[in-house]
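Per-entry structural report
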Amino acid sequence: MDTIREVTANAQSQSASLPAIAGGRQAKTTPYTRELRYGDDELKELQEALAQGSLFFAHGAKVRQLEAEYAAYAGAAHAIATSSGTATIHAALMAAGVSPGDEVIVPPITDMGSIVPILFQGAIPVFADIEFGSANLDPSSVEKNITDKTRAILVVHLAGIAANMDAIKQIADERKIAIIEDCAQAHGCTYDGVMVGNLGIAGCYSLNEFKHISCGDGGVVVTNDARFAQRCRLSIDKAYTRDFGKARRSPSFLANNYRMTELQAAVARAQLRKLDSIVSRRRVWCGELSQRLSGIRGLHLPEVTPRCDPSWWFYLMRIDPEVLNASADRVTEALRAEGMPVTAHYIGEPIYQYPLFVNHSAFDHADHPFVARQYGKGLCPNAERILDTCIMLSVNEAYSAKDLSETVNAFEKVFNWFASQRRMAVAAT
Ligand SMILES: *Cc1c(COP(=O)(O)O)cnc(C)c1O
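Our focus in this paragraph is the site of the ligand. Taken together, 14 residues surround the ligand, and among them Gly85, Thr86, Asp182, Ser206 and Lys211 come closest. In the model, an oxygen atom of the ligand is placed 2.7 Å from a nitrogen or oxygen of the glycine 85 main chain. Between threonine 86 and the ligand, the recorded distance is 2.5 Å, taken from a side-chain N or O atom to an oxygen atom. For the ligand, whose accessible area on its own is 380 Å², the fraction buried by protein is 93%. Contributing elements (two or more residues each) for the shell around the ligand: helix 4 (85–95) and helix 5 (112–120). Considering only residue class, the shell around the ligand consists of 2 nonpolar, 9 polar and 3 charged.

Below is the structure:
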């Protein structure tokens, strides 16, 4: 009897330690916890907005209120609400005086929303390489890419982890180059105890559907410079000046319509009240995850920049293909079989390998100033290596303790299995 029990227990523990792709039981037994993003708070705000009788920002109260509340949240003197994160970056570039032929230094792993506004200003994106640990700009590569045409550095705080701002600021300040922070993925992230967005001339936040908080689409620029704030206001409103809602139509520079409506601001206000809770729950879950995954062979965890308290928009890891004798695709396949919400390669390839850049095909039949630069594979080796080997885990503030332990279990099973398969293959030769 004892032997039968032992044999059964043995078989069970073996099938518990076998990954699902090798016939074991799936690590995830129930779906990841989720909660509804929008509810009664948003509805009440929307009803109030409609009851105003106008959805125009200059006639209603919601956009103005959101701006004051977001400025207070971010600890900045001014906030300007816009129609998208992309629009915030465009507004900040305009306010910083970026003009055709100027160069703007950017990282090659980001959303196109960081890059498109540079091109629309007629300016030239210059791609600097990134660090393996945080996947953020490498200050030494930033420095190497500075020329006498460099007008601004667009720093992206990827996945809610701040870039190495001390080093980047020193490089920029010495040469009086503007820093614009792309905080689209970093609501609530701090550096040296200060909310990101306050470390350069402007911080640009996105409120699109996929960010920490959302109003469908929208954005907020924060700045501590009153003149810069005024230029941002003009830059999102066709360069009209407004006195008590009445427009004076004498634009003195080229500017688009990037205004936020009262409906967007209504939803964003309700969302902002949830942001502290969203960020703190993500910190607990991802902090715990990092602790419990540390030491797994073949897995590189995201490295948090010193003095940064990250806000974890997603969780970006890298695998070591040599240790595992497997590609990121193969490992991702095994993790997905366990029920993990993971994908390989994040944006696929660095931005500079997109056809737009390789072919310089910005416009239909005329050149854009970026023809002055060659783009293509090889520009940023670290970025290319990171995209080849990275695995991205979706994170949500609603994830539970059970979600955490099943996630840890899945990673341990899958990585140990790949490592042991490799050892067996090596032993057999
Ligand atoms: C989402 C995002 C943007 C663009 O924001 P939109 O609101 O979609 O225009 C820009 N930069 C980064 C890093 C982003 O993640």
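Next comes the rest of the account.
Among all positions in helix 5, only Gly113, Ser114, Ile115, Pro117, Ile118 and Leu119 are buried. Looking at the buried side of helix 5, the elements it contacts are helix 4, strand 2 (103–106), strand 3 (124–127), strand 4 (150–156), strand 5 (178–182) and helix 12 (355–358). Of the residues trailing helix 5, glycine 122 is marked for its positive phi of about 80°.

It is worth spelling out the pairing of strand 2 at this point. Alternating positions in strand 2 separate into two faces, Glu103 and Ile105 on one and Val104 and Val106 on the other, with burial throughout. In this structure, strand 2 lies alongside strand 3, joined through 4 bridges in parallel fashion. Looking at the pairing, isoleucine 105 lines up with valine 126 of strand 3. Read from strand 2 through helix 5 to strand 3, the crossover connection turns out right-handed. In this structure, strand 2 lies alongside strand 4, joined through 3 bridges in parallel fashion. Looking at strand 4, one finds that isoleucine 105 is bridged to isoleucine 153.

Looking now at the packing of aromatic side chains. Under the defined criterion, the tally for this structure stands at 16 aromatic pairs. Plain terms: the ring middles of tyrosine 70 and tyrosine 205 are 5.1 Å apart, the flat faces sit at 50° to each other, and that makes the pair tilted. One end of the pair, tyrosine 70, is in helix 3 (residues 62–74); the other, tyrosine 205, is in strand 8 (residues 202–206), and 135 residues separate them in sequence. Of the two residues, tyrosine 70 and tyrosine 205, neither departs from the other in class, the shared state being buried. Judged by centre distance (4.8 Å) and plane angle (70°), the rings of phenylalanine 357 and tyrosine 375 are edge-to-face. Of this pair, phenylalanine 357 sits in helix 12 while tyrosine 375 is found in the loop between helix 12 and helix 13 (381–389), placing the two residues 18 residues apart along the sequence. Residue classification places phenylalanine 357 among the buried positions, given a relative accessible area of 0%. For tyrosine 375, a relative accessible area of 8% gives the class buried.

For the rest of this paragraph, the subject is the sheet that holds strand 15 (residues 342–344). Overall, antiparallel pairing links the 4 strands, which are arranged 12-14-16-15 in an open sheet. Each end of this open sheet is capped by a strand with a single partner; those strands are strand 12 (299–300) and strand 15. Across 2 bridges, strand 12 lies against strand 14 (residues 314–319) in antiparallel orientation. When the bridges of strand 14 are listed, leucine 299 appears paired with isoleucine 319. Sheet strands touched by helix 9 (residues 262–293): strand 12, strand 14 and strand 16 (390–394). Its angle to strand 14, the strand with the most contacts, is close to 15°.

What counts as what
Residues numbered from 1 in each chain as written. Predicted model: local features only at pLDDT ≥ 70, side-chain atom pairs only at ≥ 80, totals over all residues. Heavy atoms only, no water. Near = heavy atom within 4 Å. Polar contact = N/O pair within 3.5 Å; in protein donor to acceptor, adjacent residues only side chain to side chain. Areas by Shrake-Rupley, 256 points an atom, 1.4 Å probe, with all protein chains shown as cover. Helix = DSSP H or I, 4+ residues; strand = E, 2+ residues; numbered from the N terminus. Nonpolar A, V, L, I, M, F, W, Y, C, P; charged D, E, K, R; others polar. Buried < 20%, exposed > 50% of the residue type's maximum accessible area, 1.4 Å probe, protein only. Contact = heavy atoms within 4.5 Å. Pairing = 2+ DSSP bridges. Right-handed = clockwise from strand over helix to strand, strands pointing away. Phe/Tyr/Trp six-rings, centres within 6.5 Å; stacked < 30°, edge-to-face > 60°. Axes fitted to C-alpha atoms, helices over the stretch in contact; angles between N-to-C directions.

By themselves, these observations are geometric and do not establish any function.
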